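Chain by chain, the residues:
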Amino acid sequence: MTEPAARAIAVVSVHASPLSDLGRGENGGMNLGVLRLCEGLAERGVPTDVFVRRDDPDLPAERQIAPGSRLILLDVGPPQPVPKDAVIQMLDGFADAVLERAAREERIYRLVHAHYWLSGLVARRLRDGLGTPWVQSFHSLARMRAAAGLPFDFQRGAIEEELAGQADRIVAMSRAEGRALLRLYRARSERICVAEPGVDLESARPADIAAVRRKLGLQGRRMILFAGRLEPLKGAETLVEAIRQVASDPDLADTVCVLIGDDSGDGARSGDGGERRRLEGLVASAGISDRVRFLGAIPHTALAPYYALADVCVVPSRVETFGLVALEAQAQGTPVVAARVGGLPEVVADGETGHLIDGHDPSDYAAAIAALLHDDDARRRMGDAARRRAATFGWDRMVDRILSIYNRVSSPEIPLELPCGYEVSLGSLG
Ligand code: UDP
């Protein structure tokens, strides 16, 4: 009989802790996805050890994520946040620390699941060191970013291609990511499975919505919402210019735009003093400081009333592997105006739950936002459809899919060449 410890999954997430606050630094959808995966596996009786690098000396060496799910902070490199380029130098030490820990605890893992390319480099060593299969999730891909016109990290792209070719299975977050893996990385389609993330925010309570409305002084005013880590790829600059145009419509003069989130690592390097400072400068020069509020990062569990209060949520990203914010807004019955990039067309049904915009011309965003703000009926109709659509995504589905991938990959009698059932092919993806 297998001991419970023998069934544990080693989750490698070197720089993204599932227990960190979202919306600032590098912390966003990936952290939340790892958290929900571990919680869901715990509910299904599958233990996990999540290995992250300690970046804060005050945190305990071990924390509990859920019953049977441990967060293990490894002392590799200085106990403070370091740029991702510096993390790459620490990956061999990180893999050694995982192996040393596993040996000391006599822990036998069933497989390794790595999140992000940096963790993939660790998992590749662990596959040999632990003698387990290796499942890889990328969450974002350098060549997808480059294809969207963002600066190209050549080294990262080359390493991702190697990892995509070597991992036993790849879990993509959207069909768009699956397509990118096929086309830009020449990954083998039978190794790629798609498991979309979900949404977990309870419907906002009317009392909480009213409290946020009061706090922001929005009584009788319309609200446009943006949420996400602040960095150029999230496209908030496009939104600022769109708001300037919307605000020039006398019928929409009461509109307020609320931006939630703080500078990410890339955001901190943007402009002179970071992305938030840069955006605040743009807002001031556009003469719309009274229309735009920067609220900073807000805890994930407190976001629902902001989404519910919004008349429109705008996601003008240059690239988006999935687009959780668009899903979360829809779950609160708020239509979304989003860029037609990455996974967003899988999240937002164009013309039904919001509008998808080709390109990043602020006038196109302004027109779509204004049309929605002018038409209460359309907004209500789309909001209802948005809520229904969001209900079709769920963390349980993601966890079940990933668990079935684990089951296949860790059953030697099932050949790896056999598709996992959620695979993508160029044919089916067009
Ligand atoms: N988020 C948050 N607080 C903030 C800003 C963002 O909790 O202040 C969360 C947001 O609710 C979402 C995640 O961070 O769950 C962002 O995920 P998304 O897929 O939109 O973007 P990513 O950060 O993965 O690029």
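Structural data are supplied above this passage.
Participant: How should the pattern of salt bridges be read in this particular structure?
Facilitator: Oppositely charged side chains can form a pair if their charged atoms are brought close together. Taken as a whole and judged by the stated rule, the model has 38 salt bridges. Note that Arg 156 is salt-bridged to Glu 160, the shortest N-O span being 2.8 Å. Placement of both Arg 156 and Glu 160 in helix α6 (residues 154–166) is noted, with a separation of four residues, approximately one turn of the helix. Grouping residues by exposure puts Arg 156 and Glu 160 together as buried. The closest approach of N and O atoms between Arg 291 and Asp 290, which form a salt bridge, is 3.8 Å. Using a relative accessible area of 14% as the deciding quantity, one classes Arg 291 as buried. Connected via shared salt-bridge partners are Asp 49, Glu 62, Arg 70, Arg 101, Glu 105 and Arg 107.

Participant: It is not clear to me how helix α9 (residues 236–247) should be interpreted in this structure. Could you clarify?
Facilitator: Side chains of residues three or four places apart in an α-helix project in the same direction, reflecting 3.6 residues per turn. With 12 residues, α9 should reach 16 Å at 1.5 Å per residue; the first-to-last C-alpha distance of 16 Å fits that figure. Listed in full, the buried residues belonging to α9 are Ala 236, Thr 238, Leu 239, Val 240, Ala 242, Ile 243, Val 246 and Ala 247. Of the surrounding secondary structure, the elements contacted by the buried residues of α9 are β9 (223–227), β10 (256–260), α11 (275–285), β11 (292–296), β12 (312–315) and α15 (362–374).

Participant: Help me understand the site of the ligand, please; the structure alone is not making it clear to me.
Facilitator: Near the ligand you find 19 residues, and of these Gly 29, Arg 229, Lys 234, Ile 298 and Glu 328 are the closest. Contact between the ligand and His 300: an oxygen atom at 3.1 Å from a side-chain N or O atom of the residue. For the ligand, the protein covers 93% of the area, taking 550 Å² as the surface of the free molecule. When contributions to the shell around the ligand are tallied by element, the ones reaching two or more residues are α1 (29–43) and α13 (324–331). When grouped by side-chain class, the residues that make up the shell around the ligand number nine nonpolar, six polar and four charged.

Participant: What is the right way to look at the sheet that holds strand β14 (residues 354–357) in this model?
Facilitator: Two pairing modes exist for strands in a sheet, parallel and antiparallel, and in both the strands are linked by backbone hydrogen bonds. On the basis of which strands lie adjacent, the open sheet formed by six strands has the order β11-β10-β9-β12-β13-β14 and parallel pairing. Across the chains shown, the open sheet's two edge strands, defined by having one partner strand only, are β11 and β14. Strand-to-strand twist in this sheet, taken as the mean axis angle between neighbours without regard to direction, amounts to 20°. Here β10 pairs with β11 via four bridges, running parallel. The residue bridging Val 258 from the neighbouring strand is Arg 293, located in β11.

Participant: Would you mind showing me how to read the pairing of strand β4 (residues 69–74) here?
Facilitator: The side chains of a regular strand alternate between both faces of the sheet. Most of β4 sits inside the fold, with six of its six residues counted as buried. Of the two faces of β4, the one carrying Ser 69, Leu 71 and Leu 73 and the one carrying Arg 70, Ile 72 and Leu 74 are both buried. In this structure, strand β2 (residues 48–53) lies alongside β4, joined through six bridges in parallel fashion. Note that in β4 the partner of Arg 53 across the bridge is Leu 74. Linking strand β3 (residues 62–66) back to β4 in an antiparallel pair, the connection comprises two residues, with Gly 68 at a positive phi of about 85°.

About the thresholds
Residues numbered from 1 in each chain as written. Predicted model: local features only at pLDDT ≥ 70, side-chain atom pairs only at ≥ 80, totals over all residues. Heavy atoms only, no water. Salt bridge = Lys/Arg side-chain N within 4 Å of Asp/Glu carboxyl O. Helix = DSSP H or I, 4+ residues; strand = E, 2+ residues; numbered from the N terminus. Buried < 20%, exposed > 50% of the residue type's maximum accessible area, 1.4 Å probe, protein only. Expected span 1.5 Å × (residues − 1). Contact = heavy atoms within 4.5 Å. Near = heavy atom within 4 Å. Polar contact = N/O pair within 3.5 Å; in protein donor to acceptor, adjacent residues only side chain to side chain. Areas by Shrake-Rupley, 256 points an atom, 1.4 Å probe, with all protein chains shown as cover. Nonpolar A, V, L, I, M, F, W, Y, C, P; charged D, E, K, R; others polar. Pairing = 2+ DSSP bridges. Axes fitted to C-alpha atoms, helices over the stretch in contact; angles between N-to-C directions.

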